[in-house]
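# Remarks on the overall topology
Each chain, letter by letter, is given below.
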Amino acid sequence: MKRYANITPEGSRDFLFEESDDRKSVESTLSALYKEKNYRKVITPAIEYFDVFSNGNTGVEADDMYKLTDNYGRTTVLRPDNTMPIARLVATRLRDAAFPVRLYYNQNVFVKNKAHAGRTDEIPQSGIELIGDGSLDADIEVISMAVEALSRTLRGSYKLEIGHAGFFSAILDKMDLTATQKADICNFTESKNYAALGDLLNRLKPCPEIAALKRLPRLFGSVEVLDEARKLYKSAESNRALDYLKTLFEKLEKMGVSDKIIIDLGLVNRSNYYTGVIFRGYADGSGVTVLSGGRYDNLISEFGLDCPAVGFAVDVNALCEVKNEVINAERPLRIALTKGRLEKSSVKLFQKMGLDTKELENKGRRLIIPVDGYEAVLSKAPDVITYVEHGVCDIGVVGKDTIAEHSSAFYEVMDLNIGKCRFVLACPQGVDFYAGYKRKTVASKYPKVASEFFKSKGMDVDVIKIEGSVELAPLLGLADGIVDIVETGSTLKENGLVAVEEIMPISARVIVNIASMKLRKEEIESFLADMELASKV
């Protein structure tokens, strides 16, 4: 029986009629812009050898690539990135060309997304690469084209944020850190996870670099953040990066596009990929990044040609799906609250902030409730993450346990220090969980947290997902132990279980949609400041 003959694989979709026309219109509009600026089109194979992307510089994990084998058993992948194949093409086919060369493309990339996230794994991209010119003028050309690309394809408002890989690198290079610590600092800074970054840095010996890193995620906004950064941290390398951004901004200002520009010195992701200016585009109506790019002067040398380059890629699907009702500066800020215990704590916090919570306290069956100029949305914890990630809510209050299990793309900006508990590994009393050679079986409502915990210990275990009372699993002989949330430990004790090891502390966190943070910065920063102050009362 052909079970799958009438459906498309998960992560893919058909495009019909107006959807096809919209996509074609965006690609045609962008192609016209590229041609006006003397860029020439290239097409690379949809299937490339894995070696093209195996150096770790693509920003795409190997596990997230679609892998195949060719007739000789060699590993190939569906193209997960457009820049690497073009770098290969330039280094092999155009190495004797008269540089700089200006190239553009309209072609898909294939990256596995989280299941049931509402995102496609096949993403149409349209972009440019300016190769062989390492000058400021080249950066200006590409960034101004990025602004023009958004201007021509969007009806609503948009912003382009710019940063510089050199500022972050100047700070990290002065510190004696392990590779893991560097990766964690990069991740926490990029995701604006102030709490986790502060916890990590507080474990290190105090120094000027740590003070700068603690402030770095908040260094975004108008051009004034460059002056704040200069006061915060000074070195020859960091000053060069800041001077460059200042000059860049001034030139963009003369071109009349500075009102579309945000400075963000916390743009540090893929610092092993980008070497200079980094930029991203956000649109009113989309909860995701619609454009990303930057300077990558070291990339093409990996294919045997030492050549500077800068470029950007537009997510065509994201532009086509922009709808004004998603992120709209005219509607009130929406805050997604987790139903139940955290809901009650959130109401108390709102009261400390001076908000009128009468409607929220007497909500009845309503799920969207006005709260003194804001909108509160009540939902289950995993849905808080979904609503914030997709931009239908700007801010969310959710437990760290849900974030750890589901993760996603958002900023984790605050630890409210409410709803405190902890993840633990537990087993029957009197049993040494780690003894013996038998492969262990663990039951949990949080299989991802459990799997990653044992992976960090280098242990192979079988993890079984349990939806109800997880304490039953070892009592019935289904599992050797459990990974679960513990507040007082009384439930464990009553069922003859004891905590073997603490995995991580848990508390309520505040998360923010990435695009909302850029497009509604002043409103969100003001709300977060009031929330942070109230959480300390």
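What you see is a predicted model, and the numbers here were worked out from it, not measured in a lab. (Residues numbered from 1 in each chain as written. Predicted model: local features only at pLDDT ≥ 70, side-chain atom pairs only at ≥ 80, totals over all residues. Heavy atoms only, no water.)

### Topic: the pairing of strand 15 (residues 374-379)
- Here strand 15 lies mainly inside the structure; five of its six residues are buried.
- Of the strand pairs in this sheet, strand 13 (residues 334-338) and strand 15 are connected by five bridges, and their pairing is parallel. When the bridges of strand 15 are listed, Leu-337 appears paired with Leu-378.
- Count of turn residues in the strand 14 (residues 368-371)/strand 15 antiparallel hairpin: two residues, of which Asp-372 carries a positive phi of about 55 degrees. (Buried < 20%, exposed > 50% of the residue type's maximum accessible area, 1.4 Å probe, protein only. Helix = DSSP H or I, 4+ residues; strand = E, 2+ residues; numbered from the N terminus. Pairing = 2+ DSSP bridges.)

### Things to note about the sheet that holds strand 17 (residues 411-415)
- Read from one edge of the open sheet, six strands run 14-15-13-16-23-17, paired in mixed fashion. Unpaired on one side and paired on the other, strand 14 and strand 17 mark the two borders of the sheet. Neighbour-to-neighbour, the strand axes of this sheet turn through a mean angle of 30 degrees, independent of strand direction.
- Running over the sheet, helix 13 (residues 381-390) touches strand 13, strand 15, strand 16 (395-399) and strand 23 (508-512) and is turned about 150 degrees from strand 16. (Axes fitted to C-alpha atoms, helices over the stretch in contact; angles between N-to-C directions. Contact = heavy atoms within 4.5 Å.)

### Structural notes on helix 6 (residues 194-202)
- Of all nine residues in helix 6, seven are buried, a share of seventy percent or more.
- Those residues of helix 6 lying buried are Tyr-194, Ala-195, Ala-196, Leu-197, Gly-198, Leu-200 and Leu-201.
- Among the residues of helix 6, the N-terminal cap falls to Asn-193, whose side-chain oxygen and the backbone nitrogen of Ala-196 are separated by 3.0 Å. (Polar contact = N/O pair within 3.5 Å; in protein donor to acceptor, adjacent residues only side chain to side chain.)

### Quick look at the sheet that holds strand 11 (residues 291-295)
- Sheet architecture is open: nine strands sit in the order 1-5-6-12-11-10-7-9-8, paired in mixed fashion. The open sheet terminates on both sides in strands that have one partner only, identified here as strand 1 (40-41) and strand 8 (220-221).
- Here five bridges tie strand 11 to strand 12 (residues 309-315), and the two strands are oriented antiparallel to one another. When the sheet's bridge partners are listed, Gly-293 is paired in strand 12 with Phe-312.

### Some points on the pairing of strand 21 (residues 481-486)
- Within strand 21, five of the six residues are buried, leaving the element largely enclosed by the surrounding structure.
- Alignment of strand 18 (residues 421-428) against strand 21, held across five bridges, turns out to be antiparallel. By the bridge assignment for strand 21, Leu-425 is matched with Val-483.
- With three bridges joining them, strand 19 (residues 440-444) and strand 21 adopt parallel strand pairing. Of the residues in strand 21, the one forming a bridge with Val-442 is Gly-481.

### Structural notes on the pattern of salt bridges
- Scanning the entire structure with this criterion turns up 32 salt bridges.
- With its nearest N and O atoms 3.6 Å apart, the salt bridge here joins Asp-415 to Arg-509. One end of the pair, Asp-415, is in strand 17; the other, Arg-509, is in strand 23, with 94 residues separating them in the sequence. (Salt bridge = Lys/Arg side-chain N within 4 Å of Asp/Glu carboxyl O.)

### Here we look at the side chain of Asp-315
- You can see Asp-315 is positioned in strand 12.
- Here the side chain of Asp-315 touches Asn-317 through a polar contact of 3.1 Å, landing on its backbone nitrogen.
- Setting aside its immediate chain neighbours within four residues, Asp-315 contacts Ile-123, Pro-124, Thr-289 and Val-290.

### Thoughts on a nonpolar patch on the surface
- Residues Leu-472, Leu-475 and Leu-476 make up a contiguous nonpolar surface patch of about 320 Å² in total accessible area.
- Counting through the fold element by element, Leu-472 comes out in helix 16 (residues 472-475).
- Its relative accessible area of 45% is what places Leu-472 among the partly exposed residues. (Patch = residues over 30% accessible without salt bridge, like charges linked within 9 Å, V, L, I, M, F, W, Y side chains within 5 Å. Areas by Shrake-Rupley, 256 points an atom, 1.4 Å probe, with all protein chains shown as cover.)

### Quick notes on the packing of aromatic side chains
- The tally for this structure, following the rule as stated, stands at ten aromatic pairs.
- Between Tyr-34 and Tyr-104, the ring centres sit 5.3 Å apart and the planes meet at 50 degrees, which makes this aromatic pair tilted. Of this pair, Tyr-34 sits in helix 1 (residues 18-36) while Tyr-104 is found in strand 5 (residues 101-110), placing the two residues 70 residues apart along the sequence.
- Within the aromatic cluster, the residues linked to one another by ring pairs are Phe-433, Tyr-434, Phe-453 and Phe-454.
- Of note, Lys-440 hangs over the ring of Phe-433, and the distance from its end group to the ring centre comes to 5.9 Å. (Phe/Tyr/Trp six-rings, centres within 6.5 Å; stacked < 30°, edge-to-face > 60°. Lys NZ or Arg CZ within 6 Å of the ring centre and 35° of its normal.)

### Quick notes on the confidence of the model for the protein chain
- Across the protein chain, pLDDT averages 92, with 96% of residues at or above 70.
- Predicted confidence is poor over residues 323-327, with pLDDT under 50, and the contacts of this stretch with residues over four places away or in other chains come to 18 contacts. (pLDDT = per-residue confidence, 0-100.)

### Examining the packing of helix 1 against helix 3 (residues 136-153)
- Orientation of helix 1 relative to helix 3, taken along the N-to-C sense of each, is 145 degrees, at an axis distance of 10 Å. Two packed elements cross with a definite hand, and for helix 1 against helix 3 that hand is right-handed. Together, Val-26, Thr-29, Leu-30, Ala-32, Leu-33, Tyr-34 and Glu-36 of helix 1 and Met-145, Glu-148, Ala-149, Arg-152 and Thr-153 of helix 3 make up the contact between the two elements.
- For the contact of helix 1 with helix 3, the per-class residue count stands at seven nonpolar, two polar and three charged. (Left-handed = near helix turned anticlockwise from the far one by under 90°. Nonpolar A, V, L, I, M, F, W, Y, C, P; charged D, E, K, R; others polar.)

### Examining helix 13
- Those residues of helix 13 lying buried are Ala-381, Val-384, Ile-385, Val-388 and Glu-389. Down the axis of helix 13, the buried set is contained in an arc of 125 degrees. They therefore lie on one face.
- On its buried face, helix 13 is in contact with strand 13, strand 15, strand 16, helix 14 (400-406) and strand 23.
- Gly-391 sits one or two positions beyond helix 13 and adopts a positive phi of about 85 degrees. (Arc of directions from axis to C-beta.)

### What to know about the nonpolar core
- In terms of nonpolar packing, the biggest core is built from 69 residues, with Tyr-34, Leu-265 and Phe-312 touching the most fellow members.
- At ten residues, the largest contribution of residues to this core is made by helix 3.
- Membership of the second largest hydrophobic core comes to 34 residues, among which are Tyr-194, Tyr-282, Ile-335 and Leu-355. (Core = buried A, V, L, I, M, F, W, Y, C linked by side-chain atoms within 4.5 Å.)

### A few points about unusual backbone geometry
- In this model, Phe-99 is joined to Pro-100 through a cis peptide bond whose omega is 5 degrees.
- Take Pro-100: it is sitting in the loop between helix 2 (83-93) and strand 5.
- Here the phi dihedral of Asn-38 falls at roughly 70 degrees; this positive angle occurs in a residue that is not glycine.
- Position of Asn-38 relative to the elements: it lies in the loop between helix 1 and strand 1.
- Taking relative accessible area as the criterion, Asn-38 reaches 61% and is therefore assigned exposed.

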